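# Report on the structure
The lines below spell out each chain.
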There are 2 protein chains.
Amino acid sequence: MSRKKHIVVLGGGFGGLKFCRSIDCEDAKITLVDRQNHHLFQPLLYQVATAGLSMPEIAQPIRHIVVDNENIQVIMDEVVDIRLSEKQVLLGSRTLEYDYLVIALGAVTGYFGNDHWSKYTLGLKSLDEASQIRRQVLLAFEKAENSTSTEECRRLMTIVVIGGGPTGVEMAGALAELTQHVLKEDFRNINPEQTRVVLIEAAPKVLGNFPDPLPQRALESLQKIGVEVRVSSPVKDITEGTVVLANETILAENIIWAAGVRANPLTQKLGVELDRAGRIKVLPDCSLPGHPEVFAVGDITTLTDTKGKVVPGVSPAAMQEGRHVAKLILNEIKSGRAVSPAEREPFKYFDKGSMATIGRSAAVAAVSGFKMTGLFAWLAWLFVHLIFLIGLRNKIAVLLQWSYSYIRYKRGARIITGLNNNAPK
Amino acid sequence: MSRKKHIVVLGGGFGGLKFCRSIDCEDAKITLVDRQNHHLFQPLLYQVATAGLSMPEIAQPIRHIVVDNENIQVIMDEVVDIRLSEKQVLLGSRTLEYDYLVIALGAVTGYFGNDHWSKYTLGLKSLDEASQIRRQVLLAFEKAENSTSTEECRRLMTIVVIGGGPTGVEMAGALAELTQHVLKEDFRNINPEQTRVVLIEAAPKVLGNFPDPLPQRALESLQKIGVEVRVSSPVKDITEGTVVLANETILAENIIWAAGVRANPLTQKLGVELDRAGRIKVLPDCSLPGHPEVFAVGDITTLTDTKGKVVPGVSPAAMQEGRHVAKLILNEIKSGRAVSPAEREPFKYFDKGSMATIGRSAAVAAVSGFKMTGLFAWLAWLFVHLIFLIGLRNKIAVLLQWSYSYIRYKRGARIITGLNNNAPK
């Protein structure tokens, strides 16, 4: 019998993990590499940032998720380089040789060429970044409470969210609720209800990828809970505490960047064709041109599927790609015959729809041609997110938190950590 | 009518908070200062450090706890100096004038004069320190899994806990359970069951303050779950990854210091008499000698009560002192007459007993002359800790976590955060 094939999977996000869970093969050995020890449920990250959930509730140890599959070894390490011609992956601690490689390293915050803006803004791609937003936003109110200057208070109590996609909309909605309801009575010198949450979008509408009339409904829901929405307002410049638009300059202690992502910078070392955001232009089967044994899935790729639709950078797409690639590799291993990319089944994206929540009982959803708004969309949103959250304990814990927040108008994770013993200045 | 008296309370721990919750006075204005925004339930901190609980579950925003008392203003700030002669407290952002002052600033980790040991050990006094222990301990296993040296693995998988008091015993027990049960099946190259947890105590027995035969029972329980206990073993020296005892040198990636505390260093600026651990020698009424309007409560003080018993540095003592001082101040404000310390009612400590948990269904407790061990003591421990944990949401969340851990032999918070994007080396 021939040696077992070795499949290396880079990244334990939605794509990499779905690949690992879809491949149940006696004839392969799988090594899953991630620089974190946990899979992160990114769709709920904004709730950690706004003190609604605690970090462990939306994260699950990767080892634990794949513990039952003895063919899978998990390595927590950084990917330093990928050597396609030698079929090697260089990690911080060792070098892995592979027969098949699945690159699922995802995306990082992208600034459209204005990388210096990262110094003045808060990103939202990891638990540490979410924890930083929570710390900075809560600290701003503490500083405002201690301040004697009205002008200073106004700046401290202004939060700008840049980007009117689902992340920005959900973030702005959650911040407005935090300040309108949760913090309302906690201070003596300031009134958190006077907080300004400003959502900035360059395009003419928020949730531009959603079908009409959902963008308009989302806009109305946001305005109803006090979010100032600026559409058709591209950001001209960002400096320390300042956002410059065409006709307006906004002073804000906290500036949250939810406007864009780009692929993990490692793609630049691969020597394959990338799009403007650094994403790998994969072949229709998700393999890399010239490297039929190497696949890429999820936010690190760009692909127009057989129906001519650009596959969006969302978790269902990553999961579907992960499952697709698992099927292709499994077929090859079982048949013992390498298949050329052109012969392989191309990936077809099944669009399950989109949803975004704005606040209490307010959401918009477009699912299989149905459009929903309000309470019904909100319940659908809750249901879908609970279902896809990994781990029974996390499902129960999150349901408990949401029920508590809904009934009591409170949030359970309003603690400031990571101060390094420095008091606010 | 005269101006309202202004009471400044420094510290939102057990003592300061109990003071604030006991004083319900129309004729006083209270300012509560803490450098954190949350009250921390320290008795469960070791469970955050060992991945059993998440941070928000044992912390509650101070503003939220006192939100219903309109006389109380909360300031999140650092105490820079206390000027007893001017009746002023200097904060980072402003200066407070007081009529009465309650100092409840607690303790910090103490090294008995060997302050350089702090560089090589992990303390357990704040959420950030607990989070650091969780990160370092979990990372050590990740590093061991990636290591090819048996010797290196042994060092990485050795955890030393210094100090055989309740904190050290509970910590060592929880670490043993984590490695024996929780992590057991998660790795491919290492066997976490081979982890060494070594508990070091200078005195001849662990839990030296507990009545016999509880120390012996605790020792047996610890040994049963695999903890190596070294009694009569004072630490000679600690360097990077090394603990030196009289007859033994232990190499360990993680060294946790639970051997001692000393008072908040601010006491050194007060110009009053302190004990060796920097604690304020308060008068029997808890006031400072020569400053009848200034009180100190909790771990920052040392006091022999009227029955000749040294009041221990535990949370019930701090709470009782907080309540006692609230009563004294309230009496003076209501009667409009300053009373000399000698005329005031002295503080009497009511010893509610001690308990420590060692692991699953194993604990020791001494309550009002009753001594309990095993399951019964363990249930009593769970019950008491749930009752005293502040906040209904936290009680429910912690109960859920404990039930889950008990039934599934798992822990819900096994995530590594705060890596700053560095992979383990």
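One can find the structure itself at the top, above this paragraph.
Just so it is clear, the structure is predicted and the values come from calculations on it, not from any experiment.

## Concerning the overall build of chain A
Along its length, chain A carries 10 helices and 25 strands. Taken against the 2.2 N^0.38 rule, which gives 22 Å for 425 residues, the C-alpha radius of gyration of chain A at 22 Å falls within 12% of a compact globule. Projected onto its principal axes, the C-alpha coordinates of chain A cover approximately 75 × 50 × 40 Å. Counting over 425 residues, chain A shows a buried share of 58%. If you take every contact in chain A between residues at least 6 apart in sequence, the share linking residues at least 24 apart comes to 64%. Counting every atom, chain A has about 17,600 Å² of accessible surface; 51% of that belongs to carbon and sulfur.

## Some remarks on the nonpolar core
As a rule of thumb, soluble globular proteins bury nonpolar side chains together. Formed by 148 residues in total, the largest nonpolar core has its most connected members in Ile58, Met171 and Leu199 of chain A together with Ile58, Met171 and Leu199 of chain B. Dropping the residues within four chain positions of it, Ile58 of chain B is found in contact with His39, Leu40, Phe41, Leu44, Leu45, Val48, Leu53, Leu127, Leu389 and Asn394 of chain B.

## Digging into the relation of the copies chain B and chain A
Of the transformation superimposing chain B on chain A, the axial component is 0.0 Å and the angular component is 180°, with the fit at an RMSD of 0.0 Å. Seen this way, the second copy is the image of the first under a two-fold rotation axis. Here 100% of the interface residues in chain B have copies in chain A that are interface residues too; the copies meet face to matching face.

## Concerning the sheet that holds strand S24 (residues 362–367) of chain B
All names here are of chain B. The strand order across the open sheet formed by three strands is S23-S24-S25, and the pairing between neighbours is antiparallel. Of all strands in the sheet, those bounded by a partner on one side alone are strand S23 (354–359) and strand S25 (370–373). Averaged over all adjacent pairs, the angle separating strand axes in this sheet is 5°, with direction ignored. Alignment of S24 against S25, held across four bridges, turns out to be antiparallel. When the bridges of S25 are listed, Ala365 appears paired with Met372.

## What to know about the packing of aromatic side chains
All names here are of chain A. On inspection of all chains with the given rule, the structure shows 14 aromatic pairs over all chains. Between Trp117 and Trp257, the aromatic rings sit 5.7 Å apart at their centres with planes inclined by 65°, giving edge-to-face as the arrangement. Taken together, the residues Trp117 in the loop between strand S10 (107–109) and helix H4 (127–146) and Trp257 in strand S17 (residues 254–257) connect sequence positions 140 residues apart. Each of the two residues, Trp117 as well as Trp257, counts as buried. When the ring of Trp381 is compared with that of Trp402, the centres are 5.6 Å apart and the planes differ by 40°; the resulting orientation is tilted. Note that Trp381 is positioned in helix H9 (residues 374–388) and Trp402 in helix H10 (residues 392–408), a separation of 21 residues in sequence.

## Focus: the pattern of salt bridges
The final tally for this structure, using the stated rule, is 36 salt bridges over all chains. Between Asp186 of chain A and Arg414 of chain A there is a salt bridge, with its nearest N and O atoms 2.3 Å apart. You can see Asp186 of chain A sitting in the loop between helix H6 (166–182) and strand S12 (196–200) and its partner Arg414 of chain A sitting in the segment after H10, a full 228 residues away along the chain. Each of the two residues, Asp186 of chain A as well as Arg414 of chain A, counts as buried. Between Arg344 of chain B and Asp285 of chain B there is a salt bridge; the shortest N-O distance is 2.7 Å. Taken together, the residues span a long stretch of sequence, with Arg344 of chain B in the loop between helix H8 (315–335) and S23 and Asp285 of chain B in the loop between strand S19 (280–281) and strand S20 (287–288) at a distance of 59 residues. Here the residues in one salt-bridge network are Lys143, Glu152, Arg155 and Glu253 of chain A, joined through shared partners.

## As for the interface of chain B and chain A
Listed by partner, the interface residues are 58 residues for chain B and 58 residues for chain A. For the pair chain B and chain A, the summed buried surface comes to about 5,000 Å²; carbon and sulfur atoms form 51% of the total. In this assembly, chain B and chain A are joined by two salt bridges. With a closest N to O distance of 2.7 Å, Arg63 of chain B and Glu142 of chain A form a salt bridge. For the interface between chain B and chain A, the tally reads 22 residue pairs in polar contact (both at pLDDT 80 or more). Residue assignment for the side of chain B that touches chain A shows that the elements contributing at least two residues are strand S4 (59–61), helix H3 (62–65), strand S5 (72–76), helix H4 (127–146) and helix H10 (392–408) of chain B.

## Examining the environment of Trp402 of chain A
Residue and element names in this part refer to chain A. You can call Trp402 buried: its relative accessible area is 12%. As a C-alpha pair, Trp402 and Gly226 span 176 residues in sequence and 22 Å in three-dimensional space. Once residues within four sequence positions are removed from consideration, Trp402 is found in contact with Leu44, Gln47, Leu53, Trp381, Leu382, His385 and Leu386.

## Digging into the sheet that holds strand S6 (residues 79–83) of chain A
Residue and element names in this part refer to chain A. Overall, antiparallel pairing links the three strands, which are arranged S6-S7-S8 in an open sheet. At either margin of the open sheet sits one strand with a lone partner, and together these are S6 and strand S8 (95–97). Taken pair by pair, the neighbouring strands of this sheet meet at an average axis angle of 20°, ignoring direction.

## Digging into the side chain of Arg344 of chain B
Judged by its relative accessible area of 8%, Arg344 of chain B is buried. Setting aside residues up to four positions removed in sequence, Arg344 of chain B forms contacts with Asp285, Ser287, Pro292, Phe295, Leu328, Glu332 and Val339 of chain B.

## A look at the packing of H10 of chain A against H10 of chain B
At a minimum axis distance of 11 Å, the contact between H10 of chain A and H10 of chain B shows a crossing angle of 170°. Between H10 of chain A and H10 of chain B, the angle is such that the two are roughly antiparallel. Of H10 of chain B, the residues touching H10 of chain A (which contributes Arg393, Ile396, Ala397, Leu400, Gln401 and Tyr404 of chain A) are Arg393, Ile396, Ala397, Leu400, Gln401 and Tyr404 of chain B. Partitioning the contact of H10 of chain A with H10 of chain B into residue classes produces eight nonpolar, two polar and two charged.

## Topic: unusual backbone geometry
It is generally the case that most residues other than glycine have a negative phi and that most peptide bonds are trans. Note that the residue after Asp212 of chain A, namely Pro213 of chain A, is joined by a cis bond; omega there is 5°. In this structure, Pro213 of chain A sits in the loop between S12 and helix H7 (214–224). Residue Ser232 of chain B is not a glycine yet carries a positive backbone phi of 50°. With respect to the helices and strands, the residue Ser232 of chain B is situated in the loop between strand S13 (227–230) and strand S14 (237–239). Judged by relative accessible area, which is 46%, Ser232 of chain B ranks as partly exposed.

## Some remarks on H4 of chain B
With 20 residues, H4 of chain B should cover 28 Å at 1.5 Å per step; its first-to-last C-alpha distance of 29 Å lies within 8% of that length. Counting buried residues in H4 of chain B gives 16 out of 20 residues, a clear majority hidden from the surface.

Scoring rules and cut-offs
Residues numbered from 1 in each chain as written. Chains lettered and ligands numbered in written order. Predicted model: local features only at pLDDT ≥ 70, side-chain atom pairs only at ≥ 80, totals over all residues. Heavy atoms only, no water. Helix = DSSP H or I, 4+ residues; strand = E, 2+ residues; numbered from the N terminus. Rg over C-alpha atoms; globule rule 2.2 N^0.38 Å. Buried < 20%, exposed > 50% of the residue type's maximum accessible area, 1.4 Å probe, protein only. Contact = heavy atoms within 4.5 Å. Areas by Shrake-Rupley, 256 points an atom, 1.4 Å probe, with all protein chains shown as cover. Core = buried A, V, L, I, M, F, W, Y, C linked by side-chain atoms within 4.5 Å. Least-squares fit on C-alpha atoms with pLDDT ≥ 70 in both. Pairing = 2+ DSSP bridges. Axes fitted to C-alpha atoms, helices over the stretch in contact; angles between N-to-C directions. Phe/Tyr/Trp six-rings, centres within 6.5 Å; stacked < 30°, edge-to-face > 60°. Salt bridge = Lys/Arg side-chain N within 4 Å of Asp/Glu carboxyl O. Buried area = accessible area lost by both parts, 1.4 Å probe. Polar contact = N/O pair within 3.5 Å; in protein donor to acceptor, adjacent residues only side chain to side chain. Parallel < 35°, antiparallel > 145°, perpendicular 65-115°, else oblique. Nonpolar A, V, L, I, M, F, W, Y, C, P; charged D, E, K, R; others polar. Expected span 1.5 Å × (residues − 1).

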